[in-house]
Structures are given as C-alpha cells and as structure tokens.
Number of protein chains: 2
Amino acid sequence: MPPTTTRNTPVIKDVARLAGVSVPTVSRYLNGTARVSDDKREKIAQAIKLLGYQPSFVARALANKVMDSVTMLTSLSTFWATTQINSGVESAARDKGFLFGVTSLDGISDSELESTVGRVMSANPAGVIVSESDEIAIQAMRLIPKDVPMVLVGGSRGDAPYQVMPSERAGGRCVTEHLLGLGHQNVVHVHRAEGPNNNTRTLGWRDAMAAAGLPANRSYQISEHLEDSRELGRRLAHDPSVTALFAGNDETAIALIRGLRDEGKRVPQDVSVAGYNDQLFSMIWEPALTTYSQNFVELGRAAFDMLYAQIEAKRAGQMAPEPQCRIIEGELIVRESTAAPRD
Amino acid sequence: MPPTTTRNTPVIKDVARLAGVSVPTVSRYLNGTARVSDDKREKIAQAIKLLGYQPSFVARALANKVMDSVTMLTSLSTFWATTQINSGVESAARDKGFLFGVTSLDGISDSELESTVGRVMSANPAGVIVSESDEIAIQAMRLIPKDVPMVLVGGSRGDAPYQVMPSERAGGRCVTEHLLGLGHQNVVHVHRAEGPNNNTRTLGWRDAMAAAGLPANRSYQISEHLEDSRELGRRLAHDPSVTALFAGNDETAIALIRGLRDEGKRVPQDVSVAGYNDQLFSMIWEPALTTYSQNFVELGRAAFDMLYAQIEAKRAGQMAPEPQCRIIEGELIVRESTAAPRD
DNA sequence: CTGAAAGCGCTTACAG
DNA sequence: CTGAAAGCGCTTACAG
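Residues numbered from 1 in each chain as written. Chains lettered and ligands numbered in written order. Predicted model: local features only at pLDDT ≥ 70, side-chain atom pairs only at ≥ 80, totals over all residues. Heavy atoms only, no water.

### With respect to the interface of chain A and chain B
The parts lose accessible area when they come together, and the size of an interface is often stated as this lost area. Defined as follows: Any two residues whose heavy atoms approach within 4.5 Å at even a single point are treated as in contact. Accessible area that two parts lose when put together, evaluated with a 1.4 Å probe and summed over both, is termed the buried area. A pair is scored as a salt bridge if a Lys or Arg side-chain nitrogen falls within 4 Å of a carboxyl oxygen belonging to Asp or Glu.
Opposite the 49 residues of chain A that make contact, chain B presents 49 residues. For the chain A and chain B pair, buried surface summed over both sides reaches about 4,400 Å², with 59% attributable to carbon and sulfur atoms. At the junction of chain A with chain B, the criterion picks out six salt bridges. Among the salt bridges present, the one from R258 of chain A reaches E286 of chain B, with a minimum N-O distance of 3.9 Å.

### Focus: the protein's contact with DNA strand C
For clarity, the threshold we go by: Near, as used in this document, describes a residue that has one of its heavy atoms within 4 Å of the molecule or strand being considered. Two N or O atoms count as a polar contact when they lie within 3.5 Å, although within protein this holds only if one can serve as hydrogen donor and the other as acceptor, and sequence-adjacent residues are included solely when both atoms are side-chain atoms.
Taken together, 29 residues are adjacent to DNA strand C, and I12 and S27 of chain A together with R28, R35 and K40 of chain B come closest. Sugar plus phosphate, as a fraction of atoms of DNA strand C within 4 Å of the protein: 71%. Between DNA strand C and the protein, one listed contact pairs a phosphate oxygen with a backbone N or O atom of I12 of chain A at 2.5 Å. Taking A59 of chain A, its main chain carries an N or O atom lying 3.4 Å from a base nitrogen of DNA strand C.

### Focus: the confidence of the model for chain A
As a reminder of what qualifies: You can read pLDDT as the predictor saying how much it trusts each residue, on a scale of 0 to 100.
Averaged over every residue, the pLDDT of chain A is 93; residues scoring 70 or more account for 98%. Note that pLDDT drops below 50 for residues 1-7 of chain A; the model gives that stretch one contact with residues more than four away or on any other chain.

### Here we look at the UniProt feature "domain: HTH cro/C1-type" (unreviewed entry) in chain A
Keep this limit in mind: UniProt positions are given in the numbering used here, feature names are shortened, and annotations may be inferred rather than shown by experiment. Every helix listed is a DSSP run of H or I at least four residues long, and every strand listed is a run of E at least two residues long, numbered separately from the N terminus.
The UniProt entry lists residues 13-54 of chain A under the feature "domain: HTH cro/C1-type" (unreviewed entry), expressed in the numbering used here. From the first C-alpha to the last, residues 13-54 of chain A spans 12 Å; its make-up is 71% helix and 0% strand.

### What to know about the protein's contact with DNA strand D
Condition: In this count, Pro and Cys sit with the nonpolar residues alongside Ala, Val, Leu, Ile, Met, Phe, Trp and Tyr, while Asp, Glu, Lys and Arg are called charged and the others, Gly among them, polar.
Neighbouring DNA strand D are 30 residues, the closest being R28, R35, K40 and K65 of chain A together with S27 of chain B. Backbone sugar and phosphate groups make up 71% of those atoms of DNA strand D lying within 4 Å of the protein. With respect to DNA strand D, the backbone of A59 of chain B contributes an N or O atom lying 3.4 Å from a base nitrogen. Listed by contribution, the elements that provide at least two residues to the surface near DNA strand D are helix 2 (23-31) and helix 4 (57-64) of chain A together with helix 2 (23-31) and helix 4 (57-64) of chain B. For the surface near DNA strand D, the residue count by class is 14 nonpolar, nine polar and seven charged.

### What to know about the relation of the copies chain A and chain B
Selection rule: The copies were overlaid by least squares, fitting only the C-alpha atoms of residues that reach a pLDDT of 70 or more in each copy.
For these two chains of identical sequence, chain A goes onto chain B by a turn of 180° and a shift of 0.0 Å along the axis, with RMSD 0.1 Å. As the rotation angle and translation indicate, the two copies are arranged about a two-fold axis. Within chain A, the C-alpha atom positioned nearest to the axis of rotation is that of G101 of chain A, 1.9 Å from it. Here 100% of the interface residues in chain A have copies in chain B that are interface residues too; the copies meet face to matching face.

### Examining the side chain of T176 of chain B
All names here are of chain B. By the secondary structure assignment, T176 is in helix 8 (residues 168-181). Among the polar contacts made by the side chain of T176, one reaches the main-chain carbonyl oxygen of G172 at a distance of 2.7 Å. Not counting residues within four places of it along the chain, the set of residues in contact with T176 comprises V187, W205, A208, M209 and F246.

### Observations regarding the sheet that holds strand 7 (residues 219-221) of chain A
Hydrogen bonds along the backbone pair up the strands of a sheet, which may run parallel or antiparallel. All names here are of chain A. Stated formally: Each pair of strands is called paired provided DSSP finds at least two bridges between the two strands. Lines are fitted to the C-alpha atoms to define the axes, a helix being fitted only along its stretch in contact, and any angle between axes, read from their N-to-C directions, falls within 0 to 180 degrees.
Strand order in this open sheet of four strands is 7-6-8-9, and the pairing throughout is parallel. With one partner strand each, in any of the chains shown, strand 7 and strand 9 (272-274) form the two edges of the open sheet. The sheet shows a mean angle of 15° between the axes of neighbouring strands, taken without regard to direction. Direction of pairing for strand 8 (residues 244-247) relative to strand 9: parallel, over a ladder of three bridges. Counted as the bridge partner of A244 is S272 from strand 9. In this fold helix 11 (residues 250-262) packs onto strand 6 (188-191), strand 8 and strand 9, with an angle of close to 145° to the strand it touches most, strand 8.

What follows is the structure in structure tokens.
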C-alpha cells in the first residue's frame, strides 16, 4: 500500500477534518450560504488560517457553473487605449477577487471566431467584457450566450444592454469646435480606421462642422504606420487652405506635424494641429500637443463595475439591473499646437 | 416530474449518447489517450460537430488538476514594454488553445502578496510567467510552487531555471558605446527605477564606460513623470561638460531633450541624446531618436514557448527540459538625435 | 479497443 | 444549525 502522500495544497476536506465539522458546513461558512454556529465558525476560521486554505477556483466553477473570473474580448491589443482599458478592468477585478483573462481577436478569421469565443465560454467566466474597436468585436459579442453577464466597451449607443462608452463623439466635436473657435475656416480630419459605431471621433468632427454651417468634406483615413501620416502631412503642407488639422490620435498628430515641418510649415503659426488621447509624450512634444484626454483606465474600471452588478444580481437570483449606458467624460487639453490662424 | 430542460451547452455525455459510445471513449478520442476504433472515431467526430461540443475547461481542470491556461504575473502594468510582452504571451497562448490571464502586482502590499499569488494558483494554471520589473515580482516568483511550470521574463541570469531576457545590459552598453564612439568624453545616464537584477540598461552603461576607461559617475534616477525629466534636462543644459545623454527609455529621452531646449541647447549639435525601446513615436520625434529596439512582443512569445515546453514534458511524464536562459537580442537604431561633439 | 466505477474539490437540496 | 448524498463535466486506472 502506498504511503499517504503528503498533499501540498489543502482542500476543503482538510479544513473540515481539522475543524471537526462536515465539508458542507465549511462550504456554508465560506459562502455565508446558511447560518453556522459561532463555535464552529471559530474552529473553521482557525483551521483555514492554520492550513492556509484557499478554495479552488475550478472546483467552485464546476459546482456553480460559473468561475469567479472576467474575460476581456478585445482587438487591437497593442494599442494604447486597449492596454489602458485592460489594466483598469484587471485592477477592478482583482479588487473583487476575480481572475482576469484576455483573449484577443487580432488576426482571427471569421471562421475561427466562433470556436474562439466558444473556448472562452467553456471556461465559464462569470462575465465578459467586449471592447469594440472593429467589426469583429461586434460579431464576437453576438456569439456570447444571452444569459452570461456582458458589457460592451464602446460601440454605438444601443449596441448592447450594458455599455460604457468613452465620449468619443463629444470629444471629437469638442476638439473641432476648439479649432473653429480659434477662427479657422475649415478643419481637416485625419484618422485611422474606426469602429463601426455612431460614437466616433470622426462623427464628432462632422457634428461640429455641421453646427458651424461648414461642409465636412476633408478627411483622410490613414494606416497605423506613422510614415503614412508624415507623408500626408507633407502633402497637406502645400495646400494653403489647410490651416487646422484634427488628428484622431496623438501619434497621428505628431506624425502630421513632422510632415508639415518637412515642408517648412510651422505649427501652430502656419497650421494648428490637435490630437486625441493625451498620451504620455503629448505634453512633452514640441509644441506641446493640444489633445483630448480620456481616462481609459477608469473606463475599464467602470466596465467591470457594471459587469459586477449583473453578476451579483444573477447570483442573488434577482432581476438583472436596468440596461444602462454609461458615458465616461474626457476633457480637452489646450496646449501649444493650436492657435488662431495668422492673417 | 420536471420536463427535461433543454440543456444549452452540450457536454461529453451528450456526445457519447449521440455517438452511441461511452463517455470514457469520447474522452479518449478527444485526448488521444488510447486507440479508438475507426468507426467510433467517425461517429464521435460527427456527434461533436453536430452538437458544436467543446470540452469544459473547468471540468478538465478539476480532473487533471491543471487548467489549460497561463497566467502572467506582472507589475508596472500600464508601461509600454509590459503591455507588449503580455500581448505576445497572449497570442502564443491562444495559438495553443490556452486561456490567458493576467494578474498585476501593482499596488499590492507585501502582506497581500501571498494571498494574491495563492488565488492565482488556486485556478490551477498550467504555468505562470512572471515578468520582473521590480522586487515584488521576484518575491511573487518565490511563492509559486516548485512543481508548476514557470518562466521568468527578465531578472538576473540565474534567478530562475527558465528565463527569457531582453538584452538590456548589452543594449545599454551598445547605446553607450555608440555615443562614446562618436567622440564624447562622457555619457550621462538618466533612468527610471530598474529591476533588482544584473541585466539592466544602467549596468550596460557602466560596462561601456569601464571598457573605455572612463568613470561611470554621472547618472540620475528620475520618476516616471516626464516633467521631472524635463526639469533635469534644463539643469543639465547649464553644465557644459554634458555632451551626451543616454536615457533609459524613449519617453525620458524626449523629455530631456525638451528640457535641454528650454534652455537653448540644440540636439544633437550641442548635446546628443539617445533613448531606449524604439516606441512608435521615436522615429517621428524631431530629431528622430537614436534608440535601441527590443521586440517585446516576440519576447512574450518566446516566454510562452519556453513555458509550453515544460508543460508538455510534464504532461507526457517526461523529465523537465534543461534549464535555460534565452536572450532576445535587440538592435541599435541610429537616427538623428546623436552626433559627434562639436568641440 | 471499450465500459463501469471512482475521483477531482466544491455546492446544494434533503432530511433531520 | 448540520450531515449524508448526489451532482457539476471530465479523466484515469481497472477489468475485460
């Protein structure tokens, strides 16, 4: 007969034995699922401490059909905003004792999408947060069973019952109005691909132009390769009607500035350039970048909070919270890269 | 009697029934754990497809004592390098069908560390990758049971049996030697806090100085707040002996440049400044930044690969792979921010 | 090659 | 308030 091998990690049975109670009683103690007499509580508490017991996530997940975890479905996973959002979700999840997972949708083909989402779901996450940055995220969202708590980050208002959105459109409008308010007769917009939703920075630009009675007829979509933006900046430098540029993000903004300067233009004297995101380097750039600051970490935390409310309600057997769409406001940061037109 | 409620997600029993075989047979088919006759294979395959069956991660994890997942233990979770590494690990993990989790150590006190790591372990990850950027990561590593596959990213050579390291020290030396090779008599080093290891950029700077017979006596540690670096740049501007600066990262580099210029210095004519990391904006900065490029995404992938080898060996009941330390090389990118001194 | 049985570590009715 | 029993969805010896 094999010697009883020393089990390294204690399990619930060990604490039950040590405390002199049954396993279900320990479980009840742990989950507050029923009253446990004070003396047993005491013993159990001691046993747990003594053993350094921690309940198994996976055994719980199997019994409960749900794991104490959130998983983030995302694309554009190396982009700045994405990483900040993830970080916010992770820290909020950790605070609640939830595990945090992420599976990115980058480079996934349509045919792989279903099995990818299926795999995520087969780990029984208590909830999932999908971060919308392109069409595939929206498709992924549709594959999530209706009964699992979910919140959508981004998207169009109404794309999902629970949403937290950055104020992209309002922000885009705000930046554009700042430029217009400075006296510019037109604002050219340069942006990377945007999500398929009605809350984009680009739409905000259109809003502002429309409100000013101006045609929103000059926008350029560029790639994420900064050289492309720089090249575009060079071209725009030769168009005297271009006096104000609103770039969809700070990186694009600085590349445009560089291109403008390659051709002898000065910023902001000859042309004003505003960015978006307020990345770390933006305040250091020369000239310091006028931009729109979004706290994406906070946005991630808000998304988790909204998810957690659903999870709790579901566990308590209560009705799901009211559908809601929370907007996280950002703020315009006016620095040196924008100014009134010269003449 | 309750009507048989329609089960939404199929389980292995459903597959077995539909295929007309026993549950263990399906399991063997799935895991290749034993021969299964061709006709049954066929039937099982069909049943799986028909049902859209995916094995439960958690049930497997409970039975196997191990989940098909990796979790990343990290600090400085919003820093650029960290996010890139995570992204690399995630994509490699996904390719192998592994779930990816991250729990950050930011803001965790020493007393919370044990329970935090304990919680991670109680989800039975197949392996964990710890990314060393400060002392707490090293402590966390020590709390991981010896029998769970682990790889350390960073650290000193020898800190763990399995390591993948960026060539930080060699890189730091390389950058410094570039500056020295240009003819500078001294290279001042400015860096943020670095991990407690012998592979830092700062040590590389010392190496180069020593090799050149120069005292490595001018270095400054600054915070992550770029204003601090800018302020330092202003101060250094007034010291004529400062002709070359090696900043520990690109963000610090551009802030230093900004500060230098605030006081009328030109880069690189008056002082050369090199950075480290080759972030997106570095090639766009004016002057384009000389820097050292590390592919952190690739480094993350390499870390997962090394982990996966351990996991596979363990599952196959084989001996663990030889301890190893893989260095991921980076490369010096010479651009415009460095030049020969004027004298 | 293949089933019946037992077990992974929990939780939840079911009876006291 | 508290045990004994059954079950969550798998896997792994154990016998054929």
